[in-house]
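Geometric and topological summary
For reference, the chains in residue letters:
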Amino acid sequence: MSKHSHNSDYSRYFCPRQKVCLVNMSVERNSEIYESMSGTVTSSGTGCLELMIVHGGNGTHDAEVGVATYKLTSEALGSGIQVLADLVGIVAGNIFKFRMHGPLELFQRRIVPRIDLSTQIFHLRGNFPLASFKKEWTRVTEYMRSNGTLPKLVMQGAEINLSAGGIGLTLDVENRPTPLSMFFVAIDEGLPFCALAETVWEQPVDKQLRCGFRFIHILKTDQERINSCINDQLRKSGCTPLDYKRNWVLVDKMVADTRKPG
């Protein structure tokens, strides 16, 4: 958590029901993992903000109060915005109270490069709490790092739309996605990458559902692998490769961090 005490008035940039993406920026975080959440503004004031967290509850984040710092990203004035905020309280399990500090940065919103891909995937659904999904994600990623492919992991062919920020695919109506999912996706000669994702949207298409998912827990090395896979495809089609890190929602850095001398 930051030691900043001076607060500016950020309230005009955050309005009720505005969507906000949170990226873990805590000093104690695992720097190998991109970790994110989603929320909506319930109230804002000078230096303070309350967000209803989409997958909060069950005391999952109680231990972070007074310790955790997040980067809050959203849109305002036609631009992307981001600011650091310390978690100072949790009410009713899913209302997170933040104290914002430091400069509010404006940036140009960037479209994340994405491609259509025919590959092998495994999609784990379930109405499990975020803490359970994180525990399972940690278990399987550590196993794959030490032992290789998971035993009994049966991948199936699928047509997907992939970016470093998420995945889109078509599902049968009876297999409607749960709020949280775990994906295993083959993208190169290495092991499948594993990521936790939240369901962002659903759209009926010919008696099926076209669904979009946002990655909220993924190894940064896997973000890089996805980006490399996408750029390889872009080069083959004669397009200019793009870097996902130009989208500030997908990195645990501030604009000012990239301007500091190395």
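See the structure shown above.
By convention here, each chain's residues receive numbers from 1 onward along its written sequence. Two thresholds apply to this predicted model, a pLDDT of at least 70 for residue-level local features and 80 or more for giving and counting side-chain atom pairs, whereas whole-chain, interface and lining totals are computed over all residues. Only hydrogens and water are set aside when side-chain values are computed; all heavy atoms of the structure are taken into account.

**Comments concerning the pairing of strand S10 (residues 180–185)**
Relative accessibility decides the category of a residue: with a 1.4 Å probe and only protein chains considered, values under 20% of the type maximum give buried, values over 50% give exposed, and everything between is partly exposed. Per the convention used, a helix needs a DSSP run of H or I reaching at least four residues, while a strand needs a run of E reaching at least two, with both numbered from the N terminus. Of all six residues making up S10, six are buried, and the element is well covered by its neighbours. By the alternation rule, side chains of S10 split into Leu180, Met182 and Phe184 and Ser181, Phe183 and Val185, which are all buried. Summarising the sheet, strand S7 (residues 114–124) and S10 pair through four bridges and their orientation is antiparallel. Opposite Ile121, over in S10, you have Val185 as the bridge partner. Only strands joined by at least two bridges in the DSSP assignment are considered to pair. Relative to strand S11 (residues 193–205), S10 runs antiparallel, the two sharing six bridges. Note that in S11 the partner of Phe184 across the bridge is Cys194.

**Points about the nonpolar core**
Counting 32 residues, the largest nonpolar core has Ile160, Leu162, Phe193, Phe215 and Ile226 as its most contacted members. Contributing elements (two or more residues each) for this core: strand S1 (19–24), S7, strand S8 (156–163), strand S9 (166–172), S10, S11, strand S12 (208–219) and helix H2 (220–236). Top contributing element to this core by residue count: S12, with five residues. In what follows, a contact means two residues having at least one pair of non-hydrogen atoms within 4.5 Å. If we ignore the near neighbours within four places in the chain, the residues touching Phe193 are Leu162, Phe183, Phe184, Val185, Ile187, Phe215, Ile218, Asp222, Arg225 and Ile226. Take the buried Ala, Val, Leu, Ile, Met, Phe, Trp, Tyr and Cys residues and link them wherever side-chain atoms come within 4.5 Å; each set so joined is a nonpolar core. The next biggest cluster of nonpolar side chains, apart from the first, holds 22 residues, and it includes Ile53, Val83, Leu87 and Phe96.

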